[in-house]
Structures are given as C-alpha cells and as structure tokens.
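Now for the letters of each chain:
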Amino acid sequence: MLFVFILMAMRVHLLRAGVISFALAWSTASITGAEKQPIYLDASQPIETRVNDLLSRLTLEEKISLIHADSKFTTAAIPRLGLPRRWLDDGPHGVREDIGPDTWASAGRTDDFATAMPVGICLAATWDPELGYREGEAIGQEARARHKDIMLGPGVNILRTPLCGRNFEYLGEDPFLSGVMCSGYIRGEQSQDISSCVKHFALNNEEHDRMNINVEADERALREIFLPAFKAAVKQGGVWCVMGAYNQFRGQHCCENDYLLNQILKDECGFNGLVMSDWAGAHDTRECALNGLDLEMGTETNYNDFYFAQPYLELLKKGELPMAGLDDKVRRNLRVMFATHVVDAGRKTGSLNTAAHQAVSRQVAEKGMVLLKNEGNLLPLDAAKFKTIAVIGENATRLNTHGGDSSGIKAFYEINPLNGILNRVGKNVNVIYSEGYRKDGSADLAERAVAAAKSADVVIYVGGLNHDKGFDCEGADRKDMKLPYGQDELIQKIVVANPKTIVVLEGTMVEMDAWLDQVPALLQAWYPGMEGGNALARVLFGDVNPSGKLPATFPKKLSDTPAATFGASAYPGTKGTVTYAEGLLVGYRWYDTKNIEPQFPFGFGLSYTTFKYSNLKLIPAEGTNEIVTAQFEIENTGQRAGAEVAELYVHENHPQLMRPEKELRGFKKVILQPGEKQTVSIPLKRSAFAYYNPAQKSWVAQPDVFEILVGSSSRDIRLHDDFNLARK
Ligand code: BGC
C-alpha cells in the first residue's frame, strides 16, 4: 500500500515538474494494477486511432474547453486525462515575450527572452528555402524551450500595396516565392514538436479597418494570387494550424467564412488540422460553428462567454447545432496535440539562444540584404583605407527587434548597425556617429550630420522606416511611401558634403527619387534581427558577398502602384469595402503587363561579382510529375565567390483568358567560386503553365506555346526559349 502511495505521489510530482509525460506516468501507475494504458496515450498507435479513443472519453464540457481560450494565449488543461494546457505564442520572427495572462501587457517575466530573427520580408529576400527551414527549426527549438505548443506564424499575406503596415512580416508580392519560403520554415519548425500556424487566412492585405473591412476580389485573383502561399503551407509545408484573418471576404468574416474555410481549405486542399481565429476575430457562434472555425482565441477575459464556450454549449444542448460538428473541431484540435506529442514521452525539449540560433539569425540577415546600387564599386569597403568613417542616421543606433507589435521579440541582445561597424573595423579606424534626424528632432541635428559627413573619408547612412505606428507596424497602414523625418533632404545634403555616401535603408520600400541619382551605393537591410549590425558590417566590408533579391517590386512612386491606380475604392476602401480592381495584376505582374518602369524590379539584387548565364535547354522530363526541365549554365565571371538566384518565369503566347506578362514558376540559388560554372536544372510540372479558369472552376494548362524566361530579375531576362505544351 505504501509502495503504491509513493508511486502515485512520485507520478504527480514528476508530472508537475514536466519531467515525465502523462503516458509514462500512467505506465508507472499500471505496475500497480491500475487500468491498462489507454490507447490515446500509446505513442505507437496511429494519430487517428488515438484521436478517436480520446474523443470517446471526453465529456461535452471537456470538448468545449478544448475549442476556446482560457487566457490570452492558452487553452484549458484536462488534468483527469493528462491533457496539459496548450500554450500558443507569436510569432513569425521568434518566440515573443509572455503576455497576459489576462491583459495585453507583458507578463513581466525574466525568462522569456528569445533569438530575434530578421523579419519575414528579409527571409523571403534570401530566396533560400533551406535557410527558411533552419530558421523555422531554430524558432521551434526556442518555442519548446519556452514550453510552447503552437507558434503563430509564418505570415504569408501578399504585398498588394506598399502601404500595408504588416508587409515587413510577410513574404513579399509573389505567391510562388511566398509558398516555397513558408513551406521550408514550417517544415523546420514542426520538426521540433511545435505546430506552426500560418496566417492570416485570407486576403488580409491592409491594416486599415482590419477588423471589419470587406474584401471583394475576383475568383482568379483569389486563386492565383492570394491563396497559393496558404495552399503551399498545407500541401508542401504540412502545416497543422491556420489562423483566420480579421477582415471579411465577400461579406463574411474570414474566421467564419464557409467558402474559404470549409469549401477551399478543408474540402479542396484537404486540410485536416485546426483553424483558429485571430484574436477576437470570431463574431457569431452559429456562423463560426458551421463555417469552419475550430478554436476561438480572443482578447476579452470573460472566457466563458466566448462564442465557442457557454453560448455554443447551450446551442448544442438545445439541439440547435450538431454534435458531429463539435466532434470534428475537437478531432482537429486533438490531431495537432498528438502530432506535436503533447502527452508523449521523449517530446523534444528545445534550446534557447544557442550559437547555432545566433548564426541562423545572422545568416538570414546577410543573405537577405539586397544591394540595389553600387556605382564605381564603392562597396565593399576596405577598412584599411579609411581613417574616419561617419555613421549617420537614427536607425544606426535604434533597436528594432522589439517593435512592430505582435511580431516583436524580447531579444537576448541586439547588435545595432553602429555597434556592428565598430566591431568590424577595429581600433585603427575612427568611427564617428551623428544621429542626423529624430522624430521630434532639434534643428541642428542635420547640420551636425553634414559636418560629420564632411570630416569623414566615407559615410554610412543608416535610415529608412521604423516600427512606430503608422510605419512598419500592426494595426495601421502608412499614409504614403515617403521617407519620414526629413530624410530626403538630409540625404541630399550629406551626399553633397561627401559624395562617398552609402545609404542603408531599414524597413520596407520608400520613394527615393529625391536622392537616388546622387547616391553611389544603396543597400536594403529590412529589419535584420538581433545580429543585424554584424551582418550589415560583414556585407559592407566584403566578408559576405550580398545575394539577396527583392521579394517585392520597389515602385518609383505610390501612384504607380496597382492599388493606387483605381482610387479609394481599391485602396483603402470606401463604405467598409475594398475592391481589388487590379485583379491578378499584383506586384511585377502589374508593372510588367502595363509597362510601368519600377525603381527596382521584383527579383533584383546586385552582387560584388558578376554572373553569366548560357546554354538554355528545355529537356522533356522523364518522371511522371514533371513535364520539362529547364537546364542552363551560370558562371561566376568576377573575382569573388558569390551566390546567384536564377529566376524562371513563364509567359503564355496566346492565352484564352488574360494572363500577366510573366509569372515566376521556379528559382534556384547557386554558390559559385570565381571562374566556376555550374549547370542548373529547374524542373517544371504541368501546373507551372496553368491559370485558374473560373468558368470551369479549375486550373487549366492549355496546349500553347510558352516562353520560358530565365534571368537575374523579372526585368533582366538572360535566356529564353519556346516550349510547346502538348495536350495531356
Ligand atoms: C494579430 C495576429 C497575432 C495575434 C496574437 C493579432 O492581433 O493579427 O497576427 O498572432 O494578434 O498576438
């Protein structure tokens, strides 16, 4: 008897300490002759078997408790069955500090630091899905070390207008690139017994009136532009959770949108994980219950009044909503729990702030920075040649990783650009710093910066946007595409004072016509994470050869952008509705089809070396999946090792329905030593030639002549050939 008591006491103690799983504790208990281990605790059983077994043991109230929040970022435990509380956390760039439990304020902990990765658009600019995998894996490991179960990212909403406040979190303007990049990230993260949660499904392309705005988009735009990244997350990434968006689509909120959730996501794409609401994105019990929501998260604190709590329970009891609907939701929640091994022995325990995580953060920054201009090869800089370097600009010292709202990170540390440059150049160079501008700056900041520029051999200007509300931040859009705080004038003055001025911009795209012609070098650094300063210095001083390419077009001016062309009804919307009047023509699809010259095109980025493309062959593919392989050679014709992203676009010669001038359908990043030549192969499936035909309600690749375009950007096509697509 005493033995049994000691065993049971040990079990409870070890479970609380998280040292053993419920399953293991159960088998300890079963030595005592208690009930045989239930099927749902047996990790060797298929997930579906475990789900069904557990479902059959749950009371109605327990089922309800699994489909709504019980604090800001948790759902309730069911101790009697050994189901722990589930912990959710933002987000895409690392594990956010703990919030709440019942307010949006910080929980005030001291053990919730994390590695801050560069922002999503920087990851996309690497065009390196393997690196995406490693970033996801690192975040997954940190999430486990912080005892999380579901991570609220990646964000894959398409950049439709440069003004959207959350563009920095997302993966750019192209559905194919976003899909490939998010899939790598998700696979990496989910390899760590963590579920990713791809967001925000769907058409959440502006922050203006985000909780309510109704989006009207035609079927082709929906299918060809706004859904593919989510579909890739499900099909290629195998994502287990999807977050519904705040906005409405065709008059129905996205978290209770039958067409998006039931018909497209669950029926067509075969998604069998769970759909959760964005926080307070649910609006009606019946609609949510019937239209595909599986978990309600929120911002109110009366958790029992959540649509999926007491109100749902009452409707079920009255027989006004079907039990089968509830069971499906519970199944989906349990599936994710079993997939992430929440009750299994040996669940991964993760790690925090390791050298490997720091390295991934730095590499994403190094590979995602985009060199946009480099006249006279001013870059890379040779530290030995300079006595004085002037670093100018508020972003050189500002810490950015904590900003942006839900995607901000409480970083273990953050190397700002000034510190990165100081670390790199050592003691023989005199580095001076001048702030240059400030939100509420005094008048002589600019004068002092100009004086500093005059006194230096070279100027590194670090400016751009920041995460203040109204710039790159959740909850509001930008008003325009201008550089704030008088930076246009400041840069002009600085470059007159010292023509050797390198402009480094953080943030998303801005208008540059005021100074671009006069500035010899320009580097786009996004928000490069906690190793950003080191990464920047390594790029500027040539330890790293830049290889990032723009995942979104930089237009010359806001009025050139598709959403701005069709008036207020197309952006930001009128009377609560925004109509995507440009249809399919988002990003380069617009600029290329309409012959509008951008400042810097989609897919553009320079290197410190040069690459030559040659010898394109279209080889009929032998496998069953692919139909043709584009094969070509790339040679590094310069003096430095470097990486090149080869981009493959498809153009249809005689489309039956309008098609954009070109569409990205493949890419490959290759690393080449000076003089090295490599053969690159990009296989294409039949789907690479397809468009969505709304009348047929399906994707169609019709027999036609297609041009296969291979190049270094969407506007720098180096090779092309015709491909005759035969009837199937
Ligand atoms: C954001 C989500 C985020 C959630 C939880 C919402 O306001 O839209 O992206 O995951 O809050 O912080």
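Everything in this summary refers to the structure shown in the same document.

What counts and what doesn't
- Residues numbered from 1 in each chain as written.
- Predicted model: local features only at pLDDT ≥ 70, side-chain atom pairs only at ≥ 80, totals over all residues.
- Heavy atoms only, no water.
- Pairing = 2+ DSSP bridges.
- Helix = DSSP H or I, 4+ residues; strand = E, 2+ residues; numbered from the N terminus.
- Axes fitted to C-alpha atoms, helices over the stretch in contact; angles between N-to-C directions.
- Contact = heavy atoms within 4.5 Å.
- Parallel < 35°, antiparallel > 145°, perpendicular 65-115°, else oblique.
- Left-handed = near helix turned anticlockwise from the far one by under 90°.
- Nonpolar A, V, L, I, M, F, W, Y, C, P; charged D, E, K, R; others polar.
- Near = heavy atom within 4 Å.
- Polar contact = N/O pair within 3.5 Å; in protein donor to acceptor, adjacent residues only side chain to side chain.
- Areas by Shrake-Rupley, 256 points an atom, 1.4 Å probe, with all protein chains shown as cover.
- Buried < 20%, exposed > 50% of the residue type's maximum accessible area, 1.4 Å probe, protein only.
- 1 Å grid on protein atoms, 1.4 Å probe; cavity = no way out; pocket = protein on both sides within 12 Å on 5 of 7 lines; lining within 4 Å.
- Points joined across faces, edges and corners; volume = space filled by probe spheres on them.
- Phe/Tyr/Trp six-rings, centres within 6.5 Å; stacked < 30°, edge-to-face > 60°.

**Observations concerning the sheet that holds strand β16 (residues 521-526)**
- Spatially, six strands are ordered β11-β16-β15-β14-β12-β13 in an open sheet, and the strand pairing comes out mixed. For this open sheet the edge positions go to β11 (370-374) and β13 (430-434), each flanked by a neighbour on one side alone. Within this sheet the neighbouring strands show an average axis-to-axis angle of 20°, counted without direction.
- Here five bridges tie strand β15 (residues 501-506) to β16, and the two strands are oriented parallel to one another. Bridge pairing in β16 places Val503 opposite Leu522.
- Lying over the sheet, helix α15 (residues 417-425) contacts β12 (388-392), β13, β14 (458-464) and β15, oriented at roughly 170° with respect to β13.
- The strands touched by helix α17 (residues 487-497) within the sheet are β12, β14 and β15, with β14 carrying the most contacts at an inclination of about 175°.

**Examining the packing of helix α3 (residues 47-57) against helix α13 (residues 323-339)**
- Following both chains from N to C, one finds α3 and α13 inclined at 125°, their axes separated by 9 Å at the closest point. The pairing of α3 with α13 is recorded here as oblique in orientation. In the crossing of α3 with α13, the sense of the turn from one axis to the other is right-handed. Listed contacts from α13 to Ile47, Glu48, Arg50, Val51, Asn52, Leu54 and Leu55 of α3 are Asp327, Val330, Arg331, Leu334, Arg335, Phe338 and Ala339.
- Residue composition of the contact of α3 with α13, by class: eight nonpolar, one polar and five charged.

**What to know about the site of the ligand**
- Lining the immediate surroundings of the ligand are 15 residues, of which Asp90, Arg166, His200, Tyr246 and Asp278 lie closest.
- Separating an oxygen atom of the ligand from a side-chain N or O atom of Asp90 is a distance of 2.5 Å.
- Within the side chain of Tyr246, one N or O atom sits 2.9 Å away from an oxygen atom of the ligand.
- Compared with its free state, where it exposes 310 Å², the ligand has 97% of that area covered by protein.
- Partitioning the shell around the ligand into residue classes produces six nonpolar, two polar and seven charged.

**A few points about the pairing of β16**
- The buried fraction of β16 amounts to six of the six residues, a majority that puts the element mostly inside the structure.
- Examined bridge by bridge, β11 and β16 share four bridges and lie antiparallel to one another. Looking at β16, one finds that Leu371 is bridged to Leu523.

**Thoughts on empty space enclosed by the protein**
- Applying the stated criterion across every chain yields a total of four cavities of 30 Å³ or more.
- By volume, the largest cavity amounts to about 160 Å³.
- If you go around the largest cavity, you meet 24 residues; those closest to its centre are Asn400, Thr401, Tyr527, Pro528 and Gly529.
- Class assignment for the residues of the lining of the largest cavity results in nine nonpolar, twelve polar and three charged.
- Its boundaries defined by the atoms lining it, the second largest cavity holds a volume of some 60 Å³.
- Along the walls of the second largest cavity sit Leu159, Arg160, Pro162, Glu173, Met509, Thr553, Pro555, Thr561, Pro562, Val586, Gly587 and Tyr591, which together make up its complete lining.
- Taken together, the residues of the lining of the second largest cavity break down into seven nonpolar, three polar and two charged.

**Observations regarding the side chain of Gln248**
- Turning to its location among the elements, Gln248 is positioned in strand β8 (residues 248-249).
- Since its relative accessible area comes to 17%, Gln248 is described here as buried.
- Among the polar contacts listed, one links the side chain of Gln248 to the backbone oxygen of Asn212, at a separation of 2.8 Å.
- When sequence neighbours within four positions are dropped, the list of residues in contact with Gln248 reads Asn212, Ile213, Asn214, Val215, His253 and Cys254.

**Things to note about the pairing of strand β26 (residues 716-725)**
- Bridging between strand β25 (residues 704-713) and β26 involves nine bridges; their strand directions are antiparallel. The residue of β26 that forms the bridge with Val705 is Asn724.
- Between β25 and β26, which pair antiparallel in sequence order, lie two residues.

**Some thoughts on the packing of aromatic side chains**
- All told, the structure shown has 23 aromatic pairs when counted by the stated rule.
- With a centroid separation of 5.8 Å and 80° between ring planes, the pair formed by Phe73 and Trp104 is classed as edge-to-face. On the criterion of sequence distance, the pair formed by Phe73 in the loop between β1 (69-71) and β2 (74-75) and Trp104 in the loop between β3 (86-90) and α5 (120-126) is long-range, its members being 31 residues apart.
- Residue classification places Phe73 among the buried positions, given a relative accessible area of 6%.
- The partly exposed category is assigned to Trp104, whose relative accessible area is 41%.

**Notes on the side chain of Asn157**
- Counting through the fold element by element, Asn157 comes out in the loop between β4 (150-152) and α7 (175-190).
- A residue is classified by how much of its surface remains accessible, and Asn157, at 2% relative accessible area, is buried.

**Some details on unusual backbone geometry**
- At the junction of Gly153 and Pro154, the peptide bond is cis and its omega measures out at 5° in the coordinates.
- Of note, Pro154 is situated in the loop between β4 and α7.
- Of note in the backbone geometry, Asp405 takes a positive phi value of approximately 90° without being a glycine.
- Non-glycine residue Lys697 carries a positive phi angle of around 50°.
- In this structure, Lys697 sits in the loop between β23 (691-693) and β24 (698-700).

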